[in-house]
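Summary of the model geometry
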Amino acid sequence: RIFKRQMQCRMDIDRLNAPFLAIYDSLIPTEEEKAKQKQLFTLLERLVTKEWPEARLYIYGSCGNSFGVSKSDIDLCLAIDEANINKSEFLLRLADILQSDSLQNVQALTRARVPIVKLMDPVTGISCDICINNVLAVINTKLLRDYAKIDARLRQLAFIVKHWAKSRGVNETYHGTLSSYAYVLMCIHFLQHRRPAILPCLQGMQTTYSVTVENVECSFFDQVDKLRDFGSHNKEPIARLVWGFFNYWAYSHDYANSVISVRTGSLISKREKDWTRRVGNDRHLICIEDPFEISHDLGRVVDKYSIKVLREEFERAADIMQYDANPCVKLFEPYVP
Ligand code: CTP
Ligand code: MG
């Protein structure tokens, strides 16, 4: 009878595969949109290198890591090898140059935590933020993109989790919840831990790609075309993974002692990282190690109120997956305070 019941549960969950895939498909940016992003990038690259021939413009964030849904803003990083540039002056000059071209709403936000130039392109309708010398973000963008190429289920899961987090209002670092970047790392960690594993640990394999940025050595296996079959022993379809993901964060994760670490492909202890107590504003109530800046806990924005909100949202999602008649609608119902 137990076996029968288990089979029943699986079939019940599997009925959700098609609707989840339909949601995923509806979130993917069209080829037309991607072409427009490329067009804007090319324009900006031309304007920038005309003024600073030695500078290079890179895409990072969701437009570069393949986890971007339709209508995302573009995150750009201008890398310029000048030891003592004055960032504020540089950004003001950059804003000037872009303003005098056909771009609209160009603003230099020199006093933001990460100073940027913001702009909107009236031709494509796309908004874009440009920061300076944030090269680690360019490298972690490549790491995420490489993981996405290994197994299609990562992108499906991450799109659904990001869509859920945005709908439920738990993707706002300024309100103490998690960044999209943190959610994608949580998805990678989760798939590294399925049995059989769906994703490998690229930083634990032979090094085929290596750069040193800001004294951080970033190296990993990036010949991911060779790993296309990696997850093929695990046949779990998307609905079971979504269910497993929320269940893990609702009922299995050891918040008191564990740090998730994509870098090592395992859980490590908070004690080992010395993340057991609050230091300044860093509270470590949910611990997600950055794959390269390993002293960075991406959960450090979470405080004693928002950890409650997050955990209740994970539980809500897990319970909906388990008991609700229509999880594909209920899961994404906007949060109304
Ligand atoms: N990033 C980082 N460290 C953080 C947060 C972000 O290095 N603590 C970098 C990552 O390269 C990430 C990028 O900034 O890809 C953008 O972060 P975020 O806005 O969280 O993610 P997006 O992928 O751009 O998601 P969204 O679609 O919500 O814009
Ligand atoms: Mg972004």
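For every chain, the first residue of the written sequence is number 1, and numbering continues from 1 along that sequence. Each chain gets a letter, beginning with A, and each ligand a number, beginning with 1, in the order they are written. The predicted origin of the model limits local features to residues at a pLDDT of at least 70 and limits the giving and counting of side-chain atom pairs to 80 or more, whereas totals for whole chains, interfaces and linings rest on all residues. Note: side-chain values were computed over all heavy atoms of the structure, leaving out hydrogens and water.

**Things to note about the overall build of the protein**
Counting its regular elements, the protein contains 12 helices and 10 strands. Computation of the radius of gyration draws on C-alpha atoms, with the globule rule given as 2.2 Å multiplied by the number of residues to the power 0.38. By the compact-globule yardstick of 20 Å for 337 residues, the protein fits well, its C-alpha radius of gyration being 21 Å. Along the first, second and third principal axes, the C-alpha set of the protein runs to 75 × 45 × 45 Å. The contacts in the protein between residues at least 6 apart in sequence include a share of 63% that link residues at least 24 apart. Residue-level accessible areas treat just the shown protein chains as cover; the underlying method is Shrake-Rupley with a 1.4 Å probe. On the protein, roughly 17000 Å² of surface is accessible, and the fraction owed to carbon and sulfur atoms is 49%. Residues scored as charged are limited to Lys and Arg (positive) and Asp and Glu (negative), so that His and the chain ends carry no count. Where a charge lies is defined by one atom per residue type, namely NZ (Lys), CZ (Arg), CG (Asp) and CD (Glu). Across the protein, the mean location of the 44 positive side-chain charges is 6 Å away from that of the 42 negative side-chain charges. Elements are defined by DSSP. Helices are runs of H or I of four residues or more, strands are runs of E of two residues or more, and each kind is numbered from the N terminus. Any pair of residues with heavy atoms lying within 4.5 Å of one another is described as a contacting pair.

**Looking at the domain arrangement of the protein**
A domain assignment, automatic or from a database, supplies the domain bounds used here. When the domains of the protein are assigned, the result is domain 1 (31-135) and domain 2 (150-330). Once you take the C-alpha centre of each, domain 1 and domain 2 turn out to be 28 Å apart. Listed by partner, the interface residues are 7 residues for domain 1 and 8 residues for domain 2. The term buried area denotes the loss of accessible surface (1.4 Å probe radius) that occurs when two parts are joined, taken as the sum for both partners. Buried surface at the junction of domain 1 and domain 2, both sides included, amounts to about 660 Å², of which 67% is carbon and sulfur. By definition, a salt bridge exists where a carboxyl oxygen of Asp or Glu is found within 4 Å of a side-chain nitrogen of Lys or Arg. In this assembly, domain 1 and domain 2 are joined by 0 salt bridges.

**A word on the sheet that holds strand β8 (residues 258-261)**
Think of it this way: DSSP has to see at least two bridges between two strands before they count as a pair. Taking strand neighbours across the sheet as the criterion, the 3 strands line up as β9-β8-β10 in an open arrangement whose pairing is mixed. Two strands in the sheet have a free side with no partner beyond their single neighbour: β9 (266-269) and β10 (287-289). Within this sheet the neighbouring strands show an average axis-to-axis angle of 35°, counted without direction. Axis lines are fitted to C-alpha atoms, over the contacting stretch for helices. Their N-to-C directions set the angle, which ranges from 0 to 180 degrees. In this fold helix α8 (residues 180-192) packs onto β8, β9 and β10, with an angle of close to 90° to the strand it touches most, β8.

**Some remarks on the pattern of salt bridges**
Scanning the model with the defined rule gives 16 salt bridges in all. Salt-bridge contacts for glutamate 32 lead to lysine 36; the nearest nitrogen and oxygen are separated by 3.9 Å. Remark: lysine 36 and glutamate 32 occur in helix α3 (residues 31-51); sequence separation between them is 4 residues, near one turn of the helix. The rule is simple: take the accessible area with a 1.4 Å probe, protein chains only, and divide by the maximum for that residue type; under 20% is buried, over 50% is exposed, in between is partly exposed. The class for lysine 36 is partly exposed, based on a relative accessible area of 30%. For arginine 263, the salt bridge identified is with glutamate 289, shortest N-O distance 2.8 Å. Note that arginine 263 is positioned in the loop between β8 and β9 and glutamate 289 in strand β10, a separation of 26 residues in sequence. Judged by relative accessible area, arginine 263 falls into the partly exposed class, the value being 26%. Among the charged side chains, a salt-bridge network with shared partners connects Lys142, Asp146, Lys149 and Asp222.

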